[in-house]
Amino acid sequence: MAARLLRLRGLLRAAGPRPFSAQASPAHAEQHGTKRQEPSSAKSLTDIGTRRIFTSDHDIFRESARKFFQEEVLPFHAEWEKDGQVSRELWEKAGQQGLLGVAIAEKHGGIGADILSSAVVWEEQMYVNCTGPGFSLHSDIVMPYIANYGSEEQIKRFIPEMAAGKCIGAIAMTEPGAGSDLQGVRTYAKKDGSDWILNGSKVFITNGWMSDVVIVVAVTNREARSPAHGISLFLVENGTKGFIKGRKLNKIGLKAQDTAELFFEDVRLPASALLGKENKGFYYLMAELPQERLLIADMALAGCEFMFEETRNYVKQRKAFGKTIAHLQTVQHKLAEMKTQICVGRAFLDNCLQLHADKRLDSSTASMAKYWSSDLQNSVATQCVQLHGGWGYMWEYPIAKAFVDARVQPIYGGTNEIMKELIARDIVSDK
């Protein structure tokens, strides 16, 4: 197993960040003697070997990820939907396959690849229409906070176990009275000698029920000149006295993804539980949120690509009026419109992915990507259900699950209304 992971790390490092331009360099464009196709001209929007931002090394990794999701996730997902969570065994299998902590530095215990390799994992999960595994949040939202702001002791304690799938991570920002407005957080951590006493509650926490470690956003200075100056982050481990996991929430979608309420009742935390510096939590959150929003956007676009292909296949088989409905002009035009919109979105998203790989993605652009892609996902979902007719409303059809799973995308990670505020603020600013 160790030898396999070493080979994987070498392969993904070789993939590395490459320059992105309207005209790809010959070395980048040439893949096995042929130029990489654009999604718009490929046989399928989910074909391996397309898109200029990727290399043949990424393609090999994508083949491995696709095989994993098709064999280890898809066959069991319906049962996990009934359970309201995936199995712990799946997490460890993902770790063994090198699918967790992909973009976390090898020196910290991660795989040591680029963010484009992480995007491969995000997209492949969406291509099997299985939203249960909370891998993306664990690997590309929670783990970066620890890797970027954690002490050497915290990094050594958590990152290797998280990359192995033996320690599941969550982040607790949202509260019953504070969602997109992080400055409205009421969870409070009070100093008691060198310790902290944590009290409060969180809601809608992905991986919350299965979590082994949770990053908790809490107020630590109520006298700060603004709420943003008085927020800190804490690492709270499962089993800590006073840390109580509430019920798994019954959502309309994401049925196999465990989402929970968390309660903190006089939880005593040592000084070593503080993640980063005291009262700097809001700044850490602002620095990491663009990646979270990019992640949501890319998974939304991948969801669009899946739904389009699922619907294309359906209309070519479904018969009405003596022929397949794919022969109807109104259906053909709807498919043409959707493919065009998805390909336009993919071009922008791939540019955002490359910008992020080059550490040049700003908050406003990430907000554009998140709001536009998640809105498109819901539009495509609605149209694809319509093209399925009554069968699109049946739970056993993949498009029905994709439809309900899409609805939360414009809500979490900051609502799309907040995304527009952030974009607009940048537009009218004199700075």
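Keep in mind that what you see is a predicted model, and the values were worked out from it rather than measured. (Residues numbered from 1 in each chain as written. Predicted model: local features only at pLDDT ≥ 70, side-chain atom pairs only at ≥ 80, totals over all residues. Heavy atoms only, no water.)

### Looking at the overall build of the chain
Okay, step 1: When you go through the chain residue by residue, the secondary structure sums to 13 helices and 12 strands.
Okay, step 2: For 431 residues, the compact-globule formula gives about 22 Å, and the C-alpha radius of gyration of the chain, at 22 Å, lands near that figure.
Okay, step 3: With respect to the principal axes defined by its C-alpha atoms, the chain has extents near 75 × 50 × 45 Å.
Okay, step 4: Residue burial in the chain is summarised as follows: out of 431 residues, 56% are buried.
Okay, step 5: Pairs at least 24 residues apart make up 74% of the contacts formed inside the chain by residues separated by at least 6 positions.
Okay, step 6: With an accessible surface of roughly 19200 Å², the chain has 53% of that area assigned to carbon and sulfur atoms. (Helix = DSSP H or I, 4+ residues; strand = E, 2+ residues; numbered from the N terminus. Rg over C-alpha atoms; globule rule 2.2 N^0.38 Å. Buried < 20%, exposed > 50% of the residue type's maximum accessible area, 1.4 Å probe, protein only. Contact = heavy atoms within 4.5 Å. Areas by Shrake-Rupley, 256 points an atom, 1.4 Å probe, with all protein chains shown as cover.)

### Comments concerning the environment of Ile-155
Okay, step 1: Inspection of the secondary structure assignment puts Ile-155 in helix α8 (residues 152-163).
Okay, step 2: Once residues within four sequence positions are removed from consideration, Ile-155 is found in contact with His-108, Ile-146, Ala-147, Gly-150 and Pro-160.

### Overview of the environment of Val-121
Okay, step 1: Residue placement: Val-121 occurs in helix α6 (residues 115-127).
Okay, step 2: A relative accessible area of 5% means that Val-121 is categorised as buried.
Okay, step 3: Not counting residues within four places of it along the chain, the set of residues in contact with Val-121 comprises Phe-61, Phe-69, Leu-99 and Val-102.

### Some words on the nonpolar core
Okay, step 1: Tyr-145, Ile-171 and Ile-215 are the most contacted members of the largest nonpolar core, which totals 99 residues.
Okay, step 2: Here the element with the most residues in this core is helix α9 (residues 281-315); it accounts for 17 residues.
Okay, step 3: Setting aside its immediate chain neighbours within four residues, Ile-171 contacts Leu-137, Ile-141, Val-142, Tyr-145, Ile-205, Val-214, Ile-215 and Leu-285.
Okay, step 4: Residues Ala-189, Leu-198, Phe-243 and Leu-274 belong to the second largest nonpolar core, which totals 18 residues. (Core = buried A, V, L, I, M, F, W, Y, C linked by side-chain atoms within 4.5 Å.)

### Quick word on the side chain of Glu-81
Okay, step 1: Along the chain, the position of Glu-81 falls in helix α4 (residues 77-83).
Okay, step 2: The class for Glu-81 is buried, based on a relative accessible area of 14%.
Okay, step 3: A distance of 3.1 Å separates the side chain of Glu-81 from the side chain of Lys-401, its partner in a polar contact. (Polar contact = N/O pair within 3.5 Å; in protein donor to acceptor, adjacent residues only side chain to side chain.)

### Some words on α9
Okay, step 1: When the terminal C-alpha atoms of α9 are compared, their 50 Å separation across 35 residues agrees well with the 51 Å that a helix rising 1.5 Å per residue should span.
Okay, step 2: Considering bend angle alone, the principal kink of α9 is centred on Glu-288 and spans about 35 degrees; proline Pro-290 follows within four residues of it.
Okay, step 3: Counted residue by residue, α9 has 30 buried out of 35 residues, so it is predominantly covered. (Expected span 1.5 Å × (residues − 1). Bend = angle between axes of the 7 residues up to and from the residue.)

### Section: a nonpolar patch on the surface
Okay, step 1: A grouping of Trp-391, Tyr-393 and Met-394 is seen on the molecular surface, where their side chains present a nonpolar patch of about 370 Å² in accessible area.
Okay, step 2: Note that Trp-391 resides in the loop between α11 (363-388) and α12 (398-406).
Okay, step 3: Note on Trp-391: relative accessible area 39%, which makes it partly exposed. (Patch = residues over 30% accessible without salt bridge, like charges linked within 9 Å, V, L, I, M, F, W, Y side chains within 5 Å. Salt bridge = Lys/Arg side-chain N within 4 Å of Asp/Glu carboxyl O.)

### Thoughts on the pairing of strand β7 (residues 231-237)
Okay, step 1: Extensive coverage of β7 is indicated by the burial of six of its seven residues.
Okay, step 2: As defined by bridge partners, strand β6 (residues 213-219) adjoins β7 across seven bridges and the pair is classed as antiparallel. Bridging across to β7, Ile-215 finds its partner in Leu-235.
Okay, step 3: As judged from the two bridges shared by β7 and strand β10 (residues 274-275), these two strands associate in the antiparallel manner. When the bridges of β10 are listed, Phe-234 appears paired with Leu-274. (Pairing = 2+ DSSP bridges.)

### A few points about the pairing of strand β9 (residues 259-269)
Okay, step 1: As defined by bridge partners, strand β5 (residues 195-206) adjoins β9 across eight bridges and the pair is classed as antiparallel. Looking across to β9, one finds that Lys-202 is bridged to Leu-262.
Okay, step 2: Bridge count between strand β8 (residues 243-248) and β9: four bridges; the pairing is antiparallel. Bridge pairing in β9 links Ile-244 to Phe-263.

### Overview of the state of the cysteines
Okay, step 1: Considering all chains together, one arrives at zero disulfides under this definition.
Okay, step 2: Of all cysteine sulfurs in the structure, the one in Cys-304 sits closest to Cys-130, which takes part in no disulfide; the separation is 17 Å.
Okay, step 3: When its relative accessible area of 1% is taken as the criterion, Cys-130 is described as buried.
Okay, step 4: Here Cys-343 is not disulfide-linked; the sulfur of Cys-304 is the nearest cysteine sulfur, at 11 Å.
Okay, step 5: According to the relative accessible area criterion, Cys-343 is buried, its value standing at 17%. (Disulfide = S-S within 2.5 Å.)

### A look at the packing of α6 against helix α7 (residues 135-149)
Okay, step 1: For the pair α6 and α7, the least separation of the axes is 10 Å and the interaxial angle reads 160 degrees. On the basis of their axis angle, the class for α6 and α7 is roughly antiparallel. By crossing handedness, the relation of α6 to α7 is classed as left-handed. When α6 is examined against α7, the residues Ile-115, Ser-118, Trp-122 and Gln-125 are found in contact with a partner set consisting of Phe-135, Ser-136 and Asp-140.
Okay, step 2: The residue makeup of the contact of α6 with α7, split by class, is three nonpolar, three polar and one charged. (Axes fitted to C-alpha atoms, helices over the stretch in contact; angles between N-to-C directions. Parallel < 35°, antiparallel > 145°, perpendicular 65-115°, else oblique. Left-handed = near helix turned anticlockwise from the far one by under 90°. Nonpolar A, V, L, I, M, F, W, Y, C, P; charged D, E, K, R; others polar.)

### Observations regarding the packing of aromatic side chains
Okay, step 1: This structure, assessed with the given rule, holds 11 aromatic pairs.
Okay, step 2: Relative to Trp-80, the ring of Phe-76 has its centre 5.9 Å away and its plane inclined at 40 degrees; by these criteria the two rings are tilted.
Okay, step 3: With a centroid separation of 4.1 Å and an interplanar angle of 20 degrees, the aromatic rings of Tyr-149 and Tyr-284 are classed as stacked. Of this pair, Tyr-149 sits in helix α7 while Tyr-284 sits in helix α9, placing them 135 residues apart in sequence. (Phe/Tyr/Trp six-rings, centres within 6.5 Å; stacked < 30°, edge-to-face > 60°.)

### What to know about unusual backbone geometry
Okay, step 1: Notably, Asn-129 is not glycine yet its phi reads approximately 60 degrees, a positive angle.
Okay, step 2: Its location among the elements puts Asn-129 in the loop between α6 and α7.
Okay, step 3: Of the residues examined, Asn-129 reaches a relative accessible area of 11% and is grouped as buried.
Okay, step 4: The phi dihedral of Leu-254 falls on the positive side, at around 45 degrees, and the residue is not glycine.
Okay, step 5: Turning to its location among the elements, Leu-254 is positioned in the loop between β8 and β9.
Okay, step 6: Overall, the relative accessible area of 8% leaves Leu-254 in the buried class.

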